[in-house]
Amino acid sequence: MAELIKNDVINAIMERRSVRGYTSEPLTEDELYTLLQCGLWAPSGRNDQTTMFSVVQDDELMQRLHNEALGDAPFKCFYYGAPCVIFLFDKAGNKWSVANASLAIENMHIAAHSLGLASIILGCIKDYMLSEKGEEWKKILGIPEDYDFVLALAVGHPTDDGKVFPRDEKNIVYVK
Ligand SMILES: Cc1cc2nc3c(=O)[nH]c(=O)nc-3n(C[C@H](O)[C@H](O)[C@H](O)COP(=O)(O)O)c2cc1C
């Protein structure tokens, strides 16, 4: 029976959770810089480095986006009051745009956990961000017109540990 090898990186991967509750305590400059560097240093297809990161630390602005994008949605799925939200965009038409931004966000998600922070990947505003109304938000977020929203990461200090969702080992296939 195989056993999981443990080290700092593997522990962070295995222990990270999506967290849906945050205090208002802001990130330190070093924490934010470190997370963004971890995103920037993700691999990218053909080394195109097309992912753009827009950092928002303005609760009023995030509440506005929440109301505009999701209105009276019966369930909460966006930002959870986190003091920092990092939006990831990638060049429209780039074959690897979704892969590039997804690799960058996962780097930041795991790095946040390793720093004692918590985070959650957010896709529920995607339809809105890719609609005509999302064009106005690109301007607000300082993103050029020829970039598309991919995902966002809410990050901060957690008020809970996040729920554990077991994984299905049947998703792994060994071919002899
Ligand atoms: C592409 C993607 C989009 C996601 N979008 C949201 C979202 O909009 N809101 C949310 O609460 N969680 C979102 N999540 C988090 C997932 O719900 C979460 O990863 C899943 O339930 C497994 O939980 P875990 O990350 O704690 O293991 C998203 C995750 C991914 C990978």
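Use the structure listed above.
Described below are features of the structure shown in this document. (Residues numbered from 1 in each chain as written. Predicted model: local features only at pLDDT ≥ 70, side-chain atom pairs only at ≥ 80, totals over all residues. Heavy atoms only, no water.)

Taken together, the four strands give an open sheet; going across it, the order is β1-β2-β4-β3, and neighbouring strands pair in antiparallel fashion. The sheet is open, and its two borders are formed by β1 (52–56) and β3 (118–122), each paired with just one other strand. The average undirected angle you get between the axes of adjacent strands in this sheet is 25 degrees. The pairing of β3 with strand β4 (residues 147–156) spans five bridges and is antiparallel. For Ile 121, the partnering residue across the bridge sits in β4 and is Leu 153. Against the sheet, helix α2 (residues 29–40) makes contact with β1, β2 (84–91) and β4, and its axis sits at roughly 160 degrees relative to β1, the strand it touches most. (Pairing = 2+ DSSP bridges. Helix = DSSP H or I, 4+ residues; strand = E, 2+ residues; numbered from the N terminus. Axes fitted to C-alpha atoms, helices over the stretch in contact; angles between N-to-C directions. Contact = heavy atoms within 4.5 Å.)

Enumeration according to the criterion identifies six salt bridges in this entry. Across the pair Asp 48 and Arg 46 runs a salt bridge whose closest N-O atoms are separated by 2.9 Å. Look at Asp 48 and you get partly exposed, because its relative accessible area is 30%. Between Lys 138 and Glu 135 there is a salt bridge, with its nearest N and O atoms 3.2 Å apart. Taken together, the residues Lys 138 and Glu 135, both in helix α6 (residues 132–140) and three residues apart, mark about one turn of the helix. Exposure remark for Glu 135: the relative accessible area of 34% places this residue in the partly exposed category. Linked by salt bridges that have partners in common, Arg 64, Glu 68 and Glu 136 make up one network. (Salt bridge = Lys/Arg side-chain N within 4 Å of Asp/Glu carboxyl O. Buried < 20%, exposed > 50% of the residue type's maximum accessible area, 1.4 Å probe, protein only.)

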